[in-house]
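# Descriptive structure summary
Read off the chains here:
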Amino acid sequence: MFRFLRKLVEVNGFGAIARRVQIDLAGYQRHLTPRRMANLFLGIWQMQTKQNVLSAYPYRLYVEPTNSCNLRCPYCFGWQGRSKRPLGFMDLQTFKNLVDDVGEYVLWMDLYNRGEPLLNRNIFEMISYCSSRNVATRMSSNLNLLDDSGAERMVQNGLDYLVVAMDGANQDTYARYRVRGDLRVVVENVRRVVYWKHKLGSLTPRITLRVLLTRYNEHELPDIRRIASELSVDNLLFFPMFVDAAKKENIEEWLPRDENKSWYDYSEGSNSLSTTKRIICPELWRRGVVNWDGSVYPCCFVDTGQAYGNVREQSFRSLWNGPSFVKSRQALIGGDTTAGTICANCQGSLKRG
């Protein structure tokens, strides 16, 4: 974690990371209740004391509105056959049942995983339902599919935090990674959201432009900063991309020439974050993932193999202490790589690419 934060500060500067933390804290301030506060600290304590059966529930939940996408980004897990899940959309009733089940404990609902959330026709109703239950919402989007009415509803229905993928300062650079995307449309849609924030007198959604650092855009950072300033967004974050750096062609094609803008040691083809299996992982104590079809997984790195259950058949709360989650926590606590769960041999970000 400290290596991760150090690299982000090195790439972005302390101010951008501080603003990122402030955005999260604003969400906590708006939605924190005594029960959620108690649940949050209980979960931290149970992780630190390495308990595998928990009385705390996740403080943050990733919920996938869809795994379909309008773009074809080269390293996306979803569209190019890395995921064997069928494409589909979460229905509104499944989503509402999930919020009813865990909403009094969860602080943040992250409305994304694989796919583009704006493709789900119920996305604004999902945001509205979370708002009605005082649950903070965050969306990560390529923002190629928003019209003026959608921008108004996004603000009016109470989205707290919007992360927009904008990986270049001109169309050619942007489309190197966001294949099929249109930078002009993205910029116009950001303007629409900012306009409706001002018109409706809303501080939310807080908007972050998120830029994957690649060989194609590393020279454009000043221009991207200028665009972010002109758009009056709340923050701009540059994020080094993950690839399989053991393959030299990945380094030569995608990673910045400036090794300081990367996670990797180019000469060794290794990830500077970690080279060993994680000993303990906060995902299993503080977070969880529910995919569009109701299937539950421990984190966003995986969506293949045996799911940990399905919220269309059981409540998330019962699955949280079900056999798969408990065995996975035991595996990480005891270092057991034969436990027979997805998490037993996890290498986290090393699996990307």
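Within any chain, residue numbers begin from 1 and follow the written order of that chain's sequence. The predicted nature of this model means local features are confined to residues of pLDDT at least 70 and side-chain atom pairs, given and counted, to a pLDDT of 80 or more, with totals for whole chains, interfaces and linings taken over all residues. Excluding hydrogens and water, the side-chain figures rest on all heavy atoms present in the structure.

### Re the nonpolar core
We count it as follows: Throughout, nonpolar core names a set of buried Ala, Val, Leu, Ile, Met, Phe, Trp, Tyr and Cys residues whose side chains join them through atoms within 4.5 Å. Remark: exposure states derive from per-residue accessible area (1.4 Å probe, protein chains only) relative to the maximum for the residue type, with buried under 20%, exposed over 50%, and partly exposed in between. Numbering of helices and strands starts at the N terminus; helices are DSSP runs of H or I of at least 4 residues and strands are runs of E of at least 2.
With 95 residues, the main nonpolar core has Leu61, Met109, Met154, Leu162, Leu209 and Phe316 as its most contacted residues. Here this core takes seven residues from helix H8 (residues 183-200), the largest share from any one element. Listed in part, the nine residues of the second largest apolar core include Ile23, Tyr59, Ala136 and Tyr161.

### Here's the deal with the pairing of strand S9 (residues 287-290)
Note the following rule: By the convention used here, strands pair only if DSSP detects at least 2 bridges between them.
On S9, burial covers both faces: Arg287 and Val289 on one face and Gly288 and Val290 on the other are all buried. In terms of strand pairing, strand S1 (residues 60-63) meets S9 through four bridges, oriented parallel. Counted as the bridge partner of Tyr62 is Val289 from S9. In the sheet, S9 pairs with strand S10 (residues 296-297) via two bridges, with the strands oriented antiparallel. Residue pairing for S10: Val289 is matched across the bridge by Tyr297. As consecutive antiparallel partners, S9 and S10 are separated by five residues, and within that stretch Gly294 has a phi angle of approximately 90 degrees, a positive value.

### Description of the state of the cysteines
Disulfides are covalent bonds that connect the sulfur atoms of two cysteines. Rule in force here: Two cysteine sulfur atoms make up a disulfide if the distance between them is within 2.5 Å.
Overall, the coordinates contain zero disulfides when judged by the stated rule. Looking at the unpaired Cys76, the closest cysteine sulfur is the one in Cys69, lying at 6.1 Å. Among the cysteines around Cys300, which has no disulfide bond, Cys299 carries the closest sulfur, lying 5.6 Å off. Judged by relative accessible area, which is 23%, Cys300 ranks as partly exposed.

### So, the packing of helix H4 (residues 92-102) against helix H5 (residues 123-132)
To keep things clear, this is the line we draw: Axes here mean lines fitted to C-alpha atoms, for a helix over just the part in contact, with angles spanning 0 to 180 degrees between N-to-C directions. In these notes the angle categories are as follows: under 35 degrees is roughly parallel, over 145 is roughly antiparallel, 65 to 115 is roughly perpendicular, and the rest is oblique. Crossings are classed by handedness, with left-handed meaning an anticlockwise turn of the near helix from the far one by less than a right angle and right-handed meaning a clockwise turn. Should any heavy atoms of two residues lie within 4.5 Å, those residues are counted as being in contact. Side-chain classes follow a simple rule in which Ala, Val, Leu, Ile, Met, Phe, Trp, Tyr, Cys and Pro form the nonpolar group, Asp, Glu, Lys and Arg form the charged group, and the remainder, Gly included, forms the polar group.
The N-to-C vectors of H4 and H5 enclose an angle of 20 degrees; their axes lie 10 Å apart at closest approach. Between H4 and H5, the interaxial angle falls into the category roughly parallel. The element H4 and its partner H5 pack so that their crossing is right-handed. Seen from H4, the contacting residues are Leu92, Phe95, Lys96, Val99 and Asp100; seen from H5, they are Glu125, Met126, Tyr129 and Cys130. For the contact of H4 with H5, a count of residues per class yields six nonpolar, no polar and three charged.

### Re the confidence of the model for the protein chain
For any part of a model where pLDDT is low, the fine detail of the predicted coordinates should not be relied upon. Rule in force here: pLDDT measures how confident the predictor is about each residue, on a scale from 0 to 100.
Averaged over all residues, the pLDDT of the protein chain is 89; the fraction at 70 or higher stands at 90%. Within the model, the stretch residues 349-353 combines pLDDT values under 50 with 23 contacts to residues more than four positions away or in other chains.

### Some thoughts on the sheet that holds S1
Read from one edge of the open sheet, eight strands run S6-S5-S4-S3-S2-S1-S9-S10, paired in mixed fashion. The open sheet has two free edges, formed respectively by strand S6 (235-240) and S10, since each of these has just one partner strand. Sheet strands in contact with helix H2 (residues 14-31) are strand S2 (108-110), strand S3 (136-141), strand S4 (161-165), strand S5 (206-213) and S6, and its direction is about 115 degrees off that of S6.

### Details of the packing of helix H6 (residues 148-156) against H8
Interhelical geometry of H6 versus H8 gives an angle of 50 degrees and a closest axis separation of 9 Å. Relative to H8, the element H6 is oriented oblique. In terms of crossing hand, the pair formed by H6 and H8 is right-handed. Along its contact with H6, which presents Asp148, Ala151, Glu152, Met154, Val155 and Gln156, the element H8 presents Arg192, Val193, Trp196, Lys197 and Leu200. Its residues placed into classes, the contact of H6 with H8 shows six nonpolar, one polar and four charged.

### Remarks on the pairing of S5
Quick reminder of the rule: Whether a crossover is right-handed depends on one test, that the path from the first strand over the helix to the second runs clockwise when the strands point away from the viewer.
The buried fraction of S5 is high, at six of eight residues. By the bridge criterion, six bridges tie S5 to S6 in an arrangement that is parallel. Bridge assignment links Leu213 to a residue of S6, and that residue is Pro240. Note on the crossover from S5 through helix H9 (residues 221-231) to S6: the handedness is right-handed.

### Examining the packing of aromatic side chains
For clarity, the threshold we go by: Only centres within 6.5 Å qualify two rings of Phe, Tyr or Trp (six-membered ring in Trp) as a pair; their planes then separate them into stacked at under 30 degrees, edge-to-face at over 60, and tilted for everything else.
Counted according to the given criterion, the structure contains twelve aromatic pairs. Taking the centre distance of 4.8 Å and the plane angle of 50 degrees together, the rings of Tyr57 and Tyr105 count as tilted. Remark: Tyr105 occurs in the loop between H4 and S2 and Tyr57 occurs in the loop between helix H3 (34-48) and S1; sequence separation between them is 48 residues. Judged by centre distance (6.2 Å) and plane angle (85 degrees), the ring pair of Tyr75 and Trp254 falls under edge-to-face. Residue Tyr75 is located in the loop between S1 and H4, and its partner Trp254 is located in the loop between helix H10 (248-253) and strand S7 (264-265); the two are separated by 179 residues in the primary sequence. Take Tyr75: its relative accessible area is 12%, and that puts it in the buried class. Overall, the relative accessible area of 5% leaves Trp254 in the buried class. The rings of Tyr75, Tyr177, Tyr216 and Trp254 are connected pair by pair, giving a single aromatic cluster.

### Observations concerning the side chain of Gln46
The residue Gln46 is located in helix H3 in this model. In this structure Gln46 touches Gln51, Val53, Leu54, Ser55, Ala56 and Trp285, once residues within four positions along its chain are discounted.

### Digging into the environment of Arg210
Take Arg210: it is sitting in strand S5. Leave out the neighbours within four places in its chain, and Arg210 touches Val163, Val164, Ala165, Met166, Asp167, Leu237 and Phe239.

### Structural notes on the pattern of salt bridges
Filter applied, for reference: One speaks of a salt bridge when a side-chain nitrogen belonging to Lys or Arg is within 4 Å of a carboxyl oxygen belonging to Asp or Glu.
For the structure shown, the criterion picks out 21 salt bridges. Salt-bridge contacts for Asp24 lead to Arg138; the nearest nitrogen and oxygen are separated by 3.1 Å. Within this pair, whereas Asp24 is found in helix H2, its partner Arg138 is found in strand S3, the two being separated by 114 residues in sequence. There is no split in this pair, since Asp24 and Arg138 are both buried. Among the salt bridges present, the one from Glu104 reaches Arg317, with a minimum N-O distance of 3.6 Å. Within this pair, whereas Glu104 is found in the loop between H4 and S2, its partner Arg317 is found in helix H12 (residues 316-320), the two being separated by 213 residues in sequence.

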